[in-house]
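Geometric and topological summary
The residues making up each chain are set out below.
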Amino acid sequence: MGLIPCPSAEDINMITMKSHIRFASILAATLIAAVGTTACSDAGSTEPVGPDSELVEIDLNGNISHSEIPEGTSVGAVSRPESRSVINATHGELSLSFVRLDMDTDGNYPATGYASVSAALSATLAKSEDGKPSAITFNPTEFYLAGGDASKGKTKLVGWYPAVSTGASSSVTYAGGVVTLNIDGESDIMLSGELEGSKTNKFGSASFEHKLTQVKILAYAVSDAAKTRWGKIKNIKLKDQVPTCKITLPSTVAWDGTPAALELVKKEVATDKDITYDFELGVATIDESGKVTAKNEKECGYAMLKPVEAGTKLSLELEMADGRKENLTVDWVKGYEAGKSYAITLRFTVAEIEFEARIVDWITHEWPSGDDDFKGEIEI
């Protein structure tokens, strides 16, 4: 067996280089395989997306607030007023509008507030049959801010009813943080409180409060002679009523426009049934002793209007069928407050028209859907 020659220094260097290359190739292949396996595993994984990038839908509830009314004081000449709670128990499905205000990445809201928001969001408040809060659904869906923590990822929301108009009439508009709503006498106006939340500290329930007062007019004659004396009523107007409500978000309610007469809505409050005009007075039932046993008052109609401040009187204009016009001032010591409903009963005698006023249960009407199409009422 021959002797194996010793490798030269050059041969040793070549072998070492080949070994390094082979080791590097094996290591690279191993890493590629490992990465490939991991990638395939992630593609089929059911693990949730990390919290910083997760989109969380805004899941919001809403309700119409319940307002307590204190005992009233005597008004007019007939009886002590009845006083009840404004009952906000049930309602149908309602179309709402909202505006949202988001923090920037530094955790600051825009310096100009809601004035920086150009458009309102569309939402629906689900029907409530038991008076409990019901779901508010945004269309399209709204999400909390995806990034940031509870201190830097916050959003504010404020909503109102009726929703921004989509028809040609534009009864409700929004621009630069201001909502403008026409007061037509027939429709309610409500505003929610301002909400603030984030995906780690979610919104609570949005509570909507009435911003108008509700007045219902009834009338009767104390005798056939009084009925003949006055004849039929052709029309009833509430004098000096402002035509526009302006809400500077989130909460400042103001009244705008030149005051003018607002016609009474000629419908029954509870049923929305039309009331026939010229309006014929009912006549009270009187027993043998001359005591009124039944007033037999008839409903003349109602109006939703700007609240009347304490110390300010509500003025009515009655136009009779023969062309006469009678003006009547109805005073209420505490004024006519937002979220409260008042029944004013006109008592016709041979000599004059008297009145009595009392607080009654509130009935809220839905905003017309467009082209004067009234959708009905919600008893709340």
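Residues numbered from 1 in each chain as written. Predicted model: local features only at pLDDT ≥ 70, side-chain atom pairs only at ≥ 80, totals over all residues. Heavy atoms only, no water.

Description of the overall build of the protein chain
Note the following rule: In this description a helix means any DSSP run of H or I spanning at least four residues, a strand means any run of E spanning at least two, and both kinds are numbered starting from the N terminus. Exposure categories follow from relative accessible area, calculated using a 1.4 Å probe and restricted to protein chains: below 20% of the type maximum is buried, above 50% is exposed, and the middle band is partly exposed. Whether two residues touch is decided by their heavy atoms; if any such pair falls within 4.5 Å, the residues are in contact.
Across its full length, the protein chain carries two helices and 25 strands. Looking at the protein chain as a whole, 40% of its 380 residues qualify as buried. The long-range share in the protein chain, meaning contacts at least 24 apart out of those at least 6 apart in sequence, stands at 70%.

Comments concerning the sheet that holds strand 13 (residues 244-248)
Hydrogen bonds along the backbone pair up the strands of a sheet, which may run parallel or antiparallel. For the record, the criterion: Pairing between strands is defined by DSSP: at least two bridges between them are needed. Here an angle of 0 to 180 degrees is reported between the N-to-C directions of two axes, which are lines fitted to C-alpha atoms, with helices fitted over the stretch in contact.
Pairing is antiparallel across the open sheet formed by four strands, whose spatial order is 6-7-13-14. In this open sheet, the two strands that pair with only one neighbour each are strand 6 (172-175) and strand 14 (252-256). Pairs of neighbouring strands in the sheet enclose a mean axial angle of 20°, with direction left out of account. Two elements, strand 6 and strand 7 (residues 178-182), share four bridges in a ladder whose sense is antiparallel. Its bridge partner being in strand 7, Tyr174 is matched across the sheet by Val179.

Brief notes about the pattern of salt bridges
A side chain with one charge can pair with a side chain of the opposite charge if their charged atoms come near. Rules: Salt bridges are identified by distance alone: a Lys or Arg side-chain nitrogen within 4 Å of an Asp or Glu carboxyl oxygen.
Under the counting rule described, the total for this entry stands at 14 salt bridges. In this structure, Lys266 engages Glu263 in a salt bridge whose closest nitrogen and oxygen atoms are separated by 3.4 Å. The partner of Glu337 in a salt bridge is Lys340, with the nearest N and O atoms 3.1 Å apart. A relative accessible area of 30% means that Glu337 is categorised as partly exposed. Salt bridges here are not isolated pairs; linked through shared partners, they connect Arg100, Asp102 and Glu142.

Some details on the sheet that holds strand 20 (residues 314-320)
Strands sit in the order 15-12-20-21 across an open sheet of four strands; the sheet is antiparallel. Edge positions in the sheet fall to strand 15 (260-263) and strand 21 (325-330), since each has one partner strand and no second. Across this sheet, the average inter-strand angle for adjacent strands is 30°, counted without regard to direction. Across three bridges, strand 12 (residues 233-241) lies against strand 15 in antiparallel orientation. What sits directly across from Lys237, in strand 15, is Glu263.

Points about the nonpolar core
Filter applied, for reference: Throughout this description, the term nonpolar core refers to a set of buried Ala, Val, Leu, Ile, Met, Phe, Trp, Tyr and Cys residues connected via side-chain atoms within 4.5 Å.
Among the nonpolar cores identified, the biggest contains 36 residues, and Ile217, Leu318, Tyr336, Ile344, Leu346 and Phe348 are the most heavily contacted of them. Among the elements that make up this core, the one with the highest residue count is strand 11 (residues 213-221) (five residues). Ignoring any residue separated from it by four or fewer positions in sequence, one finds Tyr336 in contact with Thr213, Val215, Pro307, Val308, Leu314, Val330, Asp331, Tyr342 and Ile344. Ranked by size, the runner-up nonpolar core spans 22 residues in total, among them Val172, Val179, Leu191 and Cys245.

Re the side chain of Ser192
To keep it simple, the criterion reads: Polar contact criterion, stated in full: a pair of N or O atoms within 3.5 Å, where within protein one must be able to donate a hydrogen and the other to accept it, and residues adjacent in sequence count only if both atoms are side-chain atoms.
Here Ser192 shows up in strand 8 (residues 190-192). At 2.8 Å, the side chain of Ser192 forms a polar contact with the backbone nitrogen of Gly159. Among residues more than four places away in sequence, those in contact with Ser192 are Val158, Gly159, Ala206, Ser207, Phe208 and Pro250.

Focus: the confidence of the model for the protein chain
Selection criterion: Each residue gets a pLDDT score, which is the predictor's confidence in that residue and runs from 0 to 100.
Averaged over the protein chain, the pLDDT score is 77; the fraction of residues at 70 or greater is 71%. Across residues 67-89 the pLDDT falls below 50, and counting only partners more than four positions away or on other chains, this stretch makes 66 contacts in the model.

Some points on the packing of aromatic side chains
One pair of aromatic rings is described through two measures. These are the centre distance and the angle between the planes. Rules: Working definition: rings of Phe, Tyr and Trp (its six-membered ring) pair if their centres are within 6.5 Å, and the pair is stacked with planes under 30 degrees apart, edge-to-face with planes over 60 apart, and tilted otherwise. A ring has a charge above it when a Lys NZ or an Arg CZ is no more than 6 Å from the ring centre and no more than 35 degrees off the ring normal.
Summed over the entire model, instances satisfying the criterion amount to seven aromatic pairs. Ring centres of Tyr144 and Phe203 lie 5.3 Å apart, and the angle between their planes is 25°; this geometry places the pair in the stacked category. In this pair, Tyr144 is assigned in the loop between strand 4 (134-138) and strand 5 (155-161) and Phe203 in the loop between strand 9 (195-197) and strand 10 (205-210), connecting sequence segments 59 residues apart. Summarising the burial analysis for this pair, Tyr144 and Phe203 share the class buried. Taking the centre distance of 4.9 Å and the plane angle of 65° together, the rings of Tyr336 and Tyr342 count as edge-to-face. This pair shows no difference in class: Tyr336 is buried, exactly as Tyr342 is. Grouping aromatic residues by their ring pairs yields a cluster made of Phe98, Phe138 and Phe208. Just above the ring of Tyr109 sits the side chain of Lys156; from NZ or CZ to the centre is 4.5 Å. The ring of Tyr277 has Lys266 sitting right over it, with the charged end atom 5.2 Å from the ring centre.

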